Amino acid sequence: QLESDIIKLEQLKSDLMDRMLRCPITNLYLEEVLRETLAIDLEHQQHEIVGFALIQLDQLNEINRKYGKDAGDEAIRSMTYQLSQIKGSTSQVYKQKGPGIIVYLKQGTKEMMQSCALNARNTIADSDVFIEKVTASIATVSMDEIDLNQSVQEQIQQVFSLLERRMWFAKIQGKGMIID
């Protein structure tokens, strides 16, 4: 009996730890998990890392104001669903600390990353699962832009800094923009 209880407690502990690493809205792993995964991948050079795409709904603030936070959360869930339907087998999807979703393309080409960004933008814009028509702005960063002579932590910081700056620029340019 004691052994069975210990096994159940270990499983509960494991489940709780996993839940702490996931976004409660999307059930995606959080950006912190991506940063740790990327650090391991960079340190071990396990993959031919291609790059990243940060995707944010342009109308999220308006949806939150018009319909409430629950509708905004549902819009993020809908975007997550759309992205999970189109992502490739060499991509992983994570929840950004902010309002976006990050796609991590672990293998492939820069053209595949650009195609993924274009496909994501068009799929979201054409979708009827949102409470109203939406567009998505996308920022991409390719690993060939990153100074690999820096420390792993500096490389990771450079990736996320570029994503944030490009997203800011995309939002200034208009709706549905892709900045790479």
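Residues numbered from 1 in each chain as written. Predicted model: local features only at pLDDT ≥ 70, side-chain atom pairs only at ≥ 80, totals over all residues. Heavy atoms only, no water.

Comments concerning the packing of helix H4 (residues 69–86) against helix H5 (residues 110–126)
Thought 1: For the pair H4 and H5, interaxial distance at closest approach is 10 Å and the crossing angle is 130°. In terms of orientation, H4 lies oblique with respect to H5. Viewed along their axes, H4 and H5 form a crossing whose handedness is right-handed. Each of Met-79, Gln-82, Leu-83 and Ile-86 in H4 lies in contact with H5, whose residues at this interface are Asn-119, Ala-120, Thr-123 and Ile-124. (Axes fitted to C-alpha atoms, helices over the stretch in contact; angles between N-to-C directions. Helix = DSSP H or I, 4+ residues; strand = E, 2+ residues; numbered from the N terminus. Parallel < 35°, antiparallel > 145°, perpendicular 65-115°, else oblique. Left-handed = near helix turned anticlockwise from the far one by under 90°. Contact = heavy atoms within 4.5 Å.)

A look at the nonpolar core
Thought 1: In this structure, Phe-52 and Leu-163 are the most contacted members of the largest nonpolar core, which totals 24 residues.
Thought 2: Elements represented by at least two residues in this core include exactly helix H2 (31–44), strand E2 (51–57), strand E4 (101–105), strand E5 (136–142) and helix H6 (152–173).
Thought 3: Examining the composition of this core, we find that eight residues originate from one element, H6, more than from any other.
Thought 4: Residues in contact with Phe-52, not counting those within four places in the same chain, are Leu-34, Leu-38, Val-103, Tyr-104, Met-113, Ala-139, Thr-140, Val-141, Met-143, Val-159 and Leu-163.
Thought 5: Of all hydrophobic cores here, the second largest spans 21 residues; its members include Met-79, Val-93, Ile-101 and Ala-120. (Core = buried A, V, L, I, M, F, W, Y, C linked by side-chain atoms within 4.5 Å. Buried < 20%, exposed > 50% of the residue type's maximum accessible area, 1.4 Å probe, protein only.)

So, the side chain of Gln-82
Thought 1: Counting through the fold element by element, Gln-82 comes out in helix H4.
Thought 2: Taking relative accessible area as the criterion, Gln-82 reaches 10% and is therefore assigned buried.
Thought 3: Within the local environment of Gln-82, its side chain forms a polar contact with the side chain of Ser-127, the two groups lying 3.2 Å apart.
Thought 4: If sequence neighbours within four positions are ignored, Gln-82 has contacts with Thr-123, Ile-124, Ser-127, Val-129 and Phe-130. (Polar contact = N/O pair within 3.5 Å; in protein donor to acceptor, adjacent residues only side chain to side chain.)

Topic: a nonpolar patch on the surface
Thought 1: A contiguous nonpolar surface patch, about 280 Å² in accessible area, is contributed by Leu-9, Leu-12 and Leu-16.
Thought 2: Considering the arrangement of structural elements, one finds Leu-9 in helix H1 (residues 2–20). (Patch = residues over 30% accessible without salt bridge, like charges linked within 9 Å, V, L, I, M, F, W, Y side chains within 5 Å. Areas by Shrake-Rupley, 256 points an atom, 1.4 Å probe, with all protein chains shown as cover. Salt bridge = Lys/Arg side-chain N within 4 Å of Asp/Glu carboxyl O.)

Some details on unusual backbone geometry
Thought 1: The phi angle at Asn-27 is positive, at roughly 65°, despite the residue not being glycine.
Thought 2: In this structure, Asn-27 sits in the loop between H1 and strand E1 (29–30).
Thought 3: The exposure class assigned to Asn-27 is partly exposed, which follows from its relative accessible area of 48%.

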